[in-house]
Amino acid sequence: MNKPVAAPLAGRLITVEGIEGVGKSTNLAFVAAELQRAGHEVVLTREPGGTPLGERIRELLLHPEGEIVPMAELLLMFAARAAHLEQVILPALRSGRWVVCDRFTDASHAYQGGGRGIPVPAIQMLDQLVTGGLRPDLSLLLDVPLEVSAERQAGRGDRDRFEREASPFFSRVRARYLELAQAEPERIRVIDAARPLPEVQATIRLALQDILVQ
Ligand SMILES: Nc1ncnc2c1ncn2[C@@H]1O[C@H](COP(=O)(O)OP(=O)(O)OP(=O)(O)O)[C@@H](O)[C@H]1O
Ligand SMILES: [Mg+2]
């Protein structure tokens with residue numbers, strides 16, 4: 001079990017969140033470049049994944065065939081997160097590097113909580129057990145209407161297990177993400193990602209300024 005994170009860590013953890021096709025990967029690279037420009041050493045990573053075990057769990061989770069019951073899905077997400085934290089995220093943060101991660105615990109609340117209907121206390125319990133309640137220093141929630149998400153995914157090849165879900169699922173995921181942001185407006189910045197990319201990135205740059213001057 002990971003110990004609760006007591007001392008402030010030297011580096012910072014920034015996460016990028018949102019439903020499918022909102023521009024997470026595109027903007028993850030932008031965030032990394034901005035941080036590097038400001039002189040930080042950056043580790044780019046993703047969830048589920050980020051370690052050899054995590055990437056294998058990712059394959060299980062995204063494989064389109066076969067049923068995975070919601071609780072098993074949640075536990076697999078946290079199993080991957082346990083490895084990711086201990087082997088990648090915490091060592092990087094302790095050594096002063098900045099970690100930029102494509103999805104983190106907020107995604108468990110949005111997808112397995114909002115999307116699949118797992119009660120919040122079960123997710124909080126696992127969060128406490130696995131991360132000690134570690135929160136990112138900044139989370140960028142890229143928000144777009146469902147139609148925009150669908151448009152941006154159009155033309156992609158085989159759809160994974162999540163991408164095969166129908167729109168009510170994503171509507172619940174998006175709504176839960178927005179609720180999380182409302183509850184923690186300082187940490188989770190909602191970015192209107194339906195706008196042209198240069199505008200989205202100008203907003204992201206502003207959000208990063210706040211954390212870069214801290
Ligand atoms: N603001 C934008 N305006 C128009 N197109 C965009 C914008 N942001 C990203 N895109 C395009 O949308 C598509 C999806 O972007 P990207 O792969 O970054 O999303 P993602 O959130 O990482 O998706 P996934 O959830 O599948 O990993 C890409 O073709 C990208 O170029
Ligand atoms: Mg992506």
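Everything in this summary refers to the structure shown in the same document. (Residues numbered from 1 in each chain as written. Chains lettered and ligands numbered in written order. Predicted model: local features only at pLDDT ≥ 70, side-chain atom pairs only at ≥ 80, totals over all residues. Heavy atoms only, no water.)

## Here's the deal with the site of ligand 1
For the record, the criterion: When at least one non-hydrogen atom of a residue lies within 4 Å of a molecule or strand, that residue is treated as near it. Definition of a polar contact: a pair of N or O atoms within 3.5 Å, with one able to donate and the other able to accept a hydrogen when the atoms are protein atoms, and with sequence-neighbouring residues admitted only if both atoms are side-chain atoms. The accessible surface values rely on the Shrake-Rupley method and a 1.4 Å probe; as for residues, cover is taken only from the protein chains in view. Helix and strand assignments follow DSSP, with helices taken as H or I runs no shorter than four residues and strands as E runs no shorter than two, numbered in order from the N terminus. For this scheme, ten residues count as nonpolar: Ala, Val, Leu, Ile, Met, Phe, Trp, Tyr, Cys and Pro. Four count as charged, namely Asp, Glu, Lys and Arg, and the remainder, Gly too, count as polar.
Near ligand 1, the surroundings consist of 15 residues, among which Lys24, Ser25, Thr26, Arg156 and Arg195 are the closest. Within the backbone of Gly23, an N or O atom sits 3.0 Å from an oxygen atom of ligand 1. Arg156 places a side-chain nitrogen or oxygen 2.5 Å from an oxygen atom of ligand 1. If ligand 1 stood free it would expose 640 Å²; the protein chains cover 69% of that surface. Counting residues per element, the ones that place at least two in the shell around ligand 1 are α1 (24-37) and α8 (197-212). Broken down by element, the residue count for the shell around ligand 1 peaks at 3 residues, all from α1. Of the residues contributing to the shell around ligand 1, the split by class is 5 nonpolar, 4 polar and 6 charged.

## Digging into the layout of surface pockets
In this approach a probe as big as a water molecule rolls over the atoms, and the regions it shows empty are the leftover space. Note the following rule: A pocket here means an open set of points on a 1 Å grid, computed over the protein atoms alone, that has protein on both sides within 12 Å along at least five of seven lines. A cavity is instead a set of points where a 1.4 Å probe fits but cannot get out; residues with an atom within 4 Å of a point line either one. Grid points are joined across faces, edges and corners, and a volume is the space filled by probe spheres set on the points.
Size it by volume and the largest pocket reaches roughly 450 Å³. For the largest pocket, the lining is made up of 25 residues, of which Glu20, Lys24, Arg58, Asp102 and Arg103 are closest to its centre. At the level of secondary structure, the elements contributing two or more residues to the lining of the largest pocket comprise α1, α2 (52-62), α3 (70-94) and α4 (105-115). Per element, the largest residue contribution to the lining of the largest pocket is 4 residues, and it comes from α4. Estimated volume of the second largest pocket: approximately 210 Å³. Lining the second largest pocket are Leu146, Ser149, Ala150, Gln153, Ala154, Arg156, Gly157, Arg159, Glu163, Glu165, Ser167 and Phe170. Broken down by secondary-structure element, the contributors of at least two residues to the lining of the second largest pocket are α6 (146-153) and α7 (167-183). Residue contributions to the lining of the second largest pocket peak at 4 residues, all from α6. Here the residues of the lining of the second largest pocket are counted per class, giving 4 nonpolar, 4 polar and 4 charged.

## As for empty space enclosed by the protein
Using the criterion set out here, one finds 1 cavity of 30 Å³ or more in the structure. Volume-wise, the largest cavity comes out at about 30 Å³. Secondary structure elements with two or more residues in the lining of the largest cavity: β4 (138-143) and α7. At 3 residues, β4 tops the list of elements feeding residues into the lining of the largest cavity. Among the residues making up the lining of the largest cavity, the classes are represented as 6 nonpolar, 1 polar and 2 charged.

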